[in-house]
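# Architecture at a glance
Residue strings, one per chain:
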Amino acid sequence: MSVEIFGSWIVVFLTLSIFSYLYDDNPFYKAAEHIFIGVSAGYWAVIAFWQQIQPNLFGRLWPKLEESADTSVLNSVWYSIYKVFNYISTGAGTLDRSVFPEGGIEGYDEIRLMYIIPFILGIFMLLRLVPKVGWLARWAIAYIVGMTAGLRFYSFLNSDILLQIKASAVDFTGEWGAIINGMIVFIGTITGLIYFFFSKEHKGSFGTLSKIGIYFLMIKFGASFGFAVMGRISLLIGRINQLKDYSSVEYNYATPIILLFIIVSLGIWSFMDGGKKNESAA
Amino acid sequence: MNKKLAISILVYLATVMLYSMGDGYIFLENTTFKFGVVALVSMTLYYYIDRAKSGEEIYLRPIAGLKAIEEAVGRATEMGKSVLFVPGISDMDQVETVSGLILLGHVAETTAKYEAGLNVPVSKSIVMEAGRETCRESYLRAGRPDLYYDDMVHYLTDDQFAYAAGVNGIMIREKPAACFYLGKFYAESLILAETGNSIGAIQIAGTGSPSQIPFFVTACDYTLIGEEFFTASAYLSKKPELLGSIKGQDIVKGLVMASMILTLVLHGLFQAGWLGFDIVTIFGN
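Residues numbered from 1 in each chain as written. Chains lettered and ligands numbered in written order. Predicted model: local features only at pLDDT ≥ 70, side-chain atom pairs only at ≥ 80, totals over all residues.

## Considerations on the nonpolar core
The tendency in soluble globular proteins is for nonpolar side chains to be buried side by side. Residue and element names in this part refer to chain B. Going by this rule: When buried Ala, Val, Leu, Ile, Met, Phe, Trp, Tyr and Cys residues are joined through C-beta atoms within 7 Å, the set is termed a nonpolar core. Once C-beta atoms are placed from the backbone, each residue is buried if 20 or more other C-beta atoms lie within 10 Å of its own, exposed if 12 or fewer, and partly exposed for counts between those two. Where helices and strands are cited, they refer to DSSP runs of H or I of at least four residues and of E of at least two residues respectively, numbered from the N terminus. Remark: residues whose backbone-derived C-beta atoms lie within 7 Å of one another are considered to be in contact.
V83, F85, V107, A178, F180, Y181 and A193 are the most contacted members of the largest nonpolar core, which has 98 residues in total. In terms of residues, this core owes the most to one element, helix 4 (residues 95–114), which gives 7 residues. Apart from residues lying up to four places away in sequence, F180 is in contact with L84, F85, V86, V107 and I204.

## Describing the packing of helix 2 (residues 27–61) of chain A against helix 6 (residues 160–174) of chain B
The test is simple: Whenever a helix is involved, its axis is fitted only over the stretch in contact; in every case the axis is a line through C-alpha atoms, and angles between N-to-C directions fall within 0 to 180 degrees. The labels follow the angle: roughly parallel below 35 degrees, roughly antiparallel above 145, roughly perpendicular from 65 to 115, and oblique for the rest. It is the rotation of the near helix from the far one that decides the hand of a crossing: anticlockwise by less than a right angle makes it left-handed, clockwise makes it right-handed. Note on residue categories: nonpolar means Ala, Val, Leu, Ile, Met, Phe, Trp, Tyr, Cys or Pro, charged means Asp, Glu, Lys or Arg, and polar means any other residue, Gly included.
Relative to each other, helix 2 of chain A and helix 6 of chain B sit at 135°, their axes nearing to 9 Å. The angle between helix 2 of chain A and helix 6 of chain B falls in the class oblique. Where helix 2 of chain A crosses over helix 6 of chain B, the handedness of that crossing is left-handed. Between helix 2 of chain A and helix 6 of chain B, the contacting residues are E33(A), F36(A), I37(A) and S40(A) on the first element and A162(B), A165(B), G166(B) and G169(B) on the second. Along the lines of polarity and charge, the residues of the contact of helix 2 of chain A with helix 6 of chain B split into 4 nonpolar, 3 polar and 1 charged.

## Things to note about the sheet that holds strand 4 (residues 178–184) of chain B
Residues and elements named next belong to chain B. The test is simple: Pairing between strands requires that DSSP locate at least two bridges from one strand to the other.
Spatially, 6 strands are ordered 3-2-1-4-5-6 in an open sheet, and the strand pairing comes out parallel. Single-partner strands in this sheet number two, and they are strand 3 (153–155) and strand 6 (222–225). Sheet twist, expressed as the mean angle between neighbouring strand axes with direction ignored, is 15°. Note that strand 1 (residues 83–88) and strand 4 share 5 bridges and pair parallel. Counted as the bridge partner of V83 is A178 from strand 4. With respect to the sheet, helix 9 (residues 227–237) is in contact with strand 4, strand 5 (202–207) and strand 6, its orientation differing from that of strand 6 by roughly 95°.

## Topic: the pairing of strand 5 of chain B
Residue and element names in this part refer to chain B. What counts, and what does not: The handedness of a crossover follows from its direction of travel: if, with the strands pointing away from the viewer, the path from the first strand over the helix to the second runs clockwise, the crossover is right-handed.
Burial within strand 5 is extensive, with 6 of its 6 residues counted as buried. Side chains I202, I204 and G206 of strand 5 all project onto a buried face; the interleaved residues Q203, A205 and T207 project onto the opposite face, where all are buried too. At this point the chain moves from strand 4, through helix 7 (residues 189–198), to the parallel strand 5, and the crossover so formed is right-handed. Handedness of the crossover joining strand 5 and strand 6 through helix 8 (residues 213–219): right-handed.

## What to know about the interface of chain B and chain A
Each side of the interface is counted separately: chain B has 51 residues, and chain A has 43 residues. Sorting the residues of the side of chain B that touches chain A by element identifies helix 2 (32–53), helix 4, helix 5 (125–141), helix 6, helix 8, helix 9 and helix 10 (240–271) of chain B as the ones contributing at least two each. Considering each element in turn, the side of chain B that touches chain A owes the most residues, 13 residues, to helix 10 of chain B. Here the residues of the side of chain B that touches chain A are counted per class, giving 27 nonpolar, 12 polar and 12 charged.

## Observations concerning the pairing of strand 4 of chain B
Residue and element names in this part refer to chain B. Counting buried positions over the 7 residues of strand 4 gives 7, a clear majority of the element. The pairing of strand 4 with strand 5 spans 5 bridges and is parallel. Each bridged residue has a counterpart across the sheet, and for Y181 the counterpart in strand 5 is A205.

## Examining the confidence of the model for chain B
Residues and elements named next belong to chain B. As a reminder of what qualifies: For every residue, the predictor assigns a confidence score, pLDDT, that lies between 0 and 100.
Looking at chain B as a whole, its pLDDT mean stands at 92, while 99% of the residues score no less than 70. When pLDDT is averaged over each helix and strand of chain B, the minimum, 87, is found for helix 9 and the maximum, 97, for strand 2 (residues 118–122). Across the interfaces of the predicted complex, the ipTM metric reaches 0.89, alongside a pTM of 0.88.

## Re the domain arrangement of chain B
Under the convention used in this document: In this entry, domain limits derive from an automatic or database-based domain assignment.
Each assigned domain of chain B is listed with its residue range as follows: domain 1 (1–58), domain 2 (64–237) and domain 3 (255–285). In this structure, domain 1 of chain B and domain 3 of chain B have C-alpha centres spaced 23 Å apart.

Dropping the structure here:
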């Protein structure tokens with residue numbers, strides 16, 4: 001059996017296992033779910049290390065410098081820390097060096113000491129494992145939250161407020177359809193904003209405008225819902241097409257065989273589980 | 001005009017004037033207008049926070065979803081079941097996640113008071129840390145630190161749909177009586193809300209993601225739409241600084257509406273040839 005055929009059988013088994021949830025929570029679904037979570041957790045951990053921490057953090061702190069670059073004592077001391085890390089990561093030299101290559105990590109041409117800050121904050125996060133100094137993790141969290149609030153404030157103000165005000169300038173030189181469309185969007189935006197007034201009671205004309213605003217929001221939500229359902233249907237069609245492809249002789253009838261196996265197994269499981277349920281109910 | 005308002009206006013004008021003097025030299029070129037807007041919003045918020053702190057009462061219209069939080073936890077306690085809290089799949093660099101964790105603090109305090117179980121599966125390690133801190137503090141505040149344990153906030157995976165599958169699994173096996181979806185969500189929102197619906201849990205959702213609100217509206221009992229979700233922490237905590245900021249935000253919304261109407265009218269007059277300048281040009285590109 002070639003790797004491709006073996007892969008197709010795995011794909012079909014996992015797809016049908018997930019679909020089996022439509023019947024009930026069963027061993028096939030549980031197995032697929034746990035494989036999915038376990039594999040993805042491991043995958044993301046590896047991706048985060050090799051695509052972020054290693055090249056972007058270590059790579060900036062200990063880049064591979066040219067031969068003619070700084071050979072001062074400070075530089076030597078700095079790279080001796082790198083050697084210590086390498087010593088630890090290779091298990092005192094028993095493993096091949098991969099995280100910390102000889103002479104530094106390629107990608108940057110100068111040491112960027114500013115990256116010591118995220119490095120230290122990252123260590124603080126790990127100190128959660130040491131109860132006595134675990135509180136230091138809060139500093140890292142506080143930095144992330146504070147920095148986010150500051151950064152987002154300007155970007156949201158620019159994109160959500162200024163550009164919105166600018167977009168309210170309807171082009172009256174255009175076609176009638178476009179003008180009417182622009183005016184509808186304008187009224188929808190104004191009334192939608194009124195709905196989100198919290199410090200004023202929604203009564204009288206203010207309440208009426210707020211109600212119009214919520215109608216606009218609901219129309220938007222309805223359209224968005226329909227659009228997403230269409231997208232989901234196309235995803236389902238993609239899966240069905242793949243299952244159809246794998247049901248051919250080329251793939252040793254993967255889909256019908258596994259489908260039959262799952263149905264029979266579920267039937268047996270249901271019979272046995274039903275008996276257990278009746279026993280526990282009695 | 002009261003003294004504080006006059007001082008605020010003067011400080012604002014002085015700040016913008018100083019900035020405009022450095023425009024192109026110390027600061028980026030042609031950014032005075034944007035800086036003016038940032039400063040105006042900041043000053044407005046600060047002014048109303050200050051007023052709220054000095055004792056001014058601020059009215060807030062009721063939001064049904066927030067009242068239902070306590071009801072949902074109470075229901076879970078009566079049924080002897082747990083409460084599930086899903087803070088979304090984004091990291092702490094998203095405002096929605098931060099808001100979700102603030103609400104987690106309130107939910108955790110309520111579960112501590114009612115002695116109901118709490119389960120918080122997360123998809124980001126930093127969110128897990130922040131979530132644990134939040135829950136620990138809430139249980140301490142409720143006078144029940146003995147009920148807190150680290151694993152009530154636990155990591156599943158970073159992957160979007162694997163996370164959704166994991167949360168689904170928790171739902172169908174533990175059958176929580178109340179499910180909270182408060183944070184930033186993407187395509188997994190309907191999968192989660194539908195599963196919660198199928199197990200008969202009372203569901204309260206809140207997100208700022210416009211494309212996901214329809215799914216929550218369809219499948220949940222209560223949904224905090226957009227800004228309702230962001231203001232929830234102020235509603236629940238009743239802290240003057242937060243209440244003041246909501247009043248300030250309402251004033252900013254009023255200013256935005258006025259600016260939109262003004263822009264529409266002035267742009268129309270420009271296009272009709274009755275005005276010499278186009279207001280749209282001041283917003284830049």
